[in-house]
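So the chains spell out like this:
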Amino acid sequence: MNLFLSGLLYLTVIFVSVFFVYISERKGKSCGKTSVYSTNRNITAVNRNKHGSIKNIIPLVIAVILPSILAGLRSDEIGTDVLVYGKLMMQEADRVSSFAELNRIDTTYTEYGYRFFAYLISRIFNGTGWLLFYTEILILGCVIYTLYAFKDDISMWKGYAYYMFCQYHVSLNLMRQSMAIAILLVSFCYLRRNKYLKFLVSSLIATTIHSFSLIIAILMLIIWLVKDSIKTRHRKKLFITFSIGLVVFWQYIVIFLSRILTGPLYRYARYLVDNNSSFVPLHAVLTSPSFLINLFFFITAYITMNNQKNDSKDYDNVLFFYSVLGIVGTFLQVYLTIMYRLGINFIAFNNIYLPRVLEMRSRLSKKNRSIIYVLLFFLYWLADCMLSGHSSTAIYLFR
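Residues numbered from 1 in each chain as written. Predicted model: local features only at pLDDT ≥ 70, side-chain atom pairs only at ≥ 80, totals over all residues. Heavy atoms only, no water.

S.K.: Help me get a handle on the environment of L131, residues and values and all.
M.R.: Positionally, L131 belongs in helix α6 (residues 128-149). Of the residues examined, L131 reaches a relative accessible area of 0% and is grouped as buried. Sequence spacing of L131 and Y85 is 46 residues, and the spatial spacing of their C-alpha atoms is 9.8 Å. The contact partners of L131, leaving out residues within four places of it in the chain, are Y85, G86, M90, Y114, F117, A118, I121 and M175. (Helix = DSSP H or I, 4+ residues; strand = E, 2+ residues; numbered from the N terminus. Buried < 20%, exposed > 50% of the residue type's maximum accessible area, 1.4 Å probe, protein only. Contact = heavy atoms within 4.5 Å.)

S.K.: I'd like a description of the nonpolar core, backed by residues and values.
M.R.: Core analysis: the biggest nonpolar cluster contains 104 residues, and Y160, F188, M220, Y322, F349 and F377 have the highest contact counts within it. Counting residues per element, this core draws most heavily on helix α9 (residues 175-192), which supplies twelve residues. Core analysis: the next-biggest nonpolar cluster, separate from the first, contains five residues, V170, L174, I344 and A348 among them. (Core = buried A, V, L, I, M, F, W, Y, C linked by side-chain atoms within 4.5 Å.)

S.K.: Which residues make up helix α19 (residues 366-386), and what values go with them?
M.R.: Taking 1.5 Å per residue as the helical rise, α19 with its 21 residues ought to reach 30 Å, and the 29 Å between its terminal C-alpha atoms agrees with that figure. For α19, the set of buried residues is R369, S370, Y373, L376, F377, Y380, W381, D384, C385 and M386. (Expected span 1.5 Å × (residues − 1).)

S.K.: Outline the state of the cysteines, supporting the account with residue identities and numerical values.
M.R.: Here a disulfide denotes one covalent bond, and it connects the sulfur atoms of two cysteines. This model, assessed by the stated rule, comprises zero disulfides. As a non-bridged cysteine, C189 has C142 as the owner of its nearest cysteine sulfur, 9.4 Å distant. (Disulfide = S-S within 2.5 Å.)

S.K.: Could you give me a rundown of the packing of aromatic side chains, with the residues and numbers involved?
M.R.: Centre distance and the angle of the planes are the two values used to describe a pair of aromatic rings. Scanning all chains against the criterion turns up 32 aromatic pairs. When the ring of F133 is compared with that of Y134, the centres are 4.9 Å apart and the planes differ by 80°; the resulting orientation is edge-to-face. An angle of 50° between the planes, with centres 4.7 Å apart, marks the rings of Y322 and F349 as tilted. Here the residue Y322 occupies a position in helix α16 (residues 316-332), and F349 occupies one in the loop between α17 (337-347) and α18 (350-358), the gap between them amounting to 27 residues. Comparing Y322 with F349 shows no difference in burial state: the two are buried. Three or more aromatic residues joined by ring pairs form one cluster here, namely F150, F188, W224, Y315, Y322, F346 and F349. Directly above the ring of Y85 sits R176, whose terminal nitrogen or CZ lies 4.4 Å from the centroid. (Phe/Tyr/Trp six-rings, centres within 6.5 Å; stacked < 30°, edge-to-face > 60°. Lys NZ or Arg CZ within 6 Å of the ring centre and 35° of its normal.)

S.K.: Hey, could you go over the environment of K366 for me, with residue numbers and the actual values?
M.R.: Looking at the element boundaries, K366 is found in helix α19. Among all residues touching K366, those that are not within four sequence positions of it are K158, L358 and E359. Side-chain polar atoms of K366 contact the side chain of E359, separated by 3.1 Å. (Polar contact = N/O pair within 3.5 Å; in protein donor to acceptor, adjacent residues only side chain to side chain.)

S.K.: Can you explain the packing of helix α7 (residues 156-166) against α18? Please cite residues and give values.
M.R.: Angle between the axes and distance between the axes are the two parameters that describe a pair of packed helices. With their axes 8 Å apart at the nearest point, α7 and α18 run at an angle of 135° to one another. When the axes of α7 and α18 are compared, the pair comes out oblique. Viewed along their axes, α7 and α18 form a crossing whose handedness is right-handed. Contact residues: K158, G159, Y162 and Y163 in α7; N350, N351, L354, P355 and L358 in α18. Split into classes, the residues belonging to the contact of α7 with α18 amount to five nonpolar, three polar and one charged. (Axes fitted to C-alpha atoms, helices over the stretch in contact; angles between N-to-C directions. Parallel < 35°, antiparallel > 145°, perpendicular 65-115°, else oblique. Left-handed = near helix turned anticlockwise from the far one by under 90°. Nonpolar A, V, L, I, M, F, W, Y, C, P; charged D, E, K, R; others polar.)

S.K.: Requested: an account of the pattern of salt bridges, with residues and values cited.
M.R.: Here the idea is simple: oppositely charged side chains can pair when their charged atoms come close. Enumeration over the complete set of coordinates arrives at eight salt bridges. Across the pair R192 and D153 runs a salt bridge whose closest N-O atoms are separated by 3.2 Å. On the criterion of sequence distance, the pair formed by R192 in helix α9 and D153 in the loop between α6 and α7 is long-range, its members being 39 residues apart. Linking E359 and K366 is a salt bridge whose minimum nitrogen-to-oxygen distance equals 3.1 Å. Three or more residues joined by partner-sharing salt bridges are found here, namely K158, E359 and K366. (Salt bridge = Lys/Arg side-chain N within 4 Å of Asp/Glu carboxyl O.)

S.K.: Let's hear about the side chain of S171: which residues, and what values?
M.R.: In this structure, S171 sits in helix α8 (residues 168-171). Looking at S171, the relative accessible area reads 1%, which means it is buried. At 2.6 Å, the side chain of S171 forms a polar contact with the backbone oxygen of Y168.

Any functional reading would require information beyond the geometric quantities listed.
Rendered as structure tokens:
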């Protein structure tokens, strides 16, 4: 399949999936309106709500299954991670009779959580395709759960559009990383409600799939705990200080990280090797054109948030600083591989952050801003997935 047909296939699945989330959201709003006028008939109202909730869930399930089928039918010869953590892992899992035996013969050096996930799939199904399918089910299921948890403050279909255009193609290859990121999105739902035990458990589950999630979870928690001390009027100063400090002193930060990355995190010490000896900002931008689109998202979101007075939530500042870490990590990924890890983890929170900003008041209407954002989502996908030249997923081949 050539590049054009591959892109057409991806686009079809993306648009159809986002459309089903849109349908679910519209049905949810209509059911909510119906229940308001049914207050005098409690039994009828309850029945309508139950019936409506089922109708809402079905489109969401379809929105998760369709991209997962596409992932499962994709050739397991595309993508380095798919070859190692997908194909090789399933081959080893198929040969063993117990999980303990798999741990002994494992040559992929994956974390126990992902290894156990692959082992369970191999006990029921045979073939890498099933692992790819259920991997995507877990990822997209977590994304939908997160968007649903924030449905009172954001538009779900806009958040899902961001994920499908900007992150879905990455998840087709970076399987473990994407699974862990998706679980961390769910952990943020618990953090938002101050359910620290559930946050801890879900973060540990993410860490058993990809150990770098431990660093992300710690940063998430620290930013959440200091959110009340971060005043909105100080946001600009903190952003400038943090960003300049990170960019200027990044070499010293590397030395510090190289000393603390020990134990199960030692494997990430090799990502601290410089990819480029000199620091040239323009080179970082040109090497990662998608960075410009992310930067536009960040700047417009920052301006919109600063204009809000009474329409802010307690987690808005938290999402803002997650976005700061994401954009700085994306900028520095050209120089340090570990910054790519940092960027891709925190950029994922744009699934919540950008739809949240689109609900805020602005000089430009919500409809026009939504159109502009979705067009930029498409351009991001075009640049990062189809035209990047280094993507492991641009060309689609059936197994």
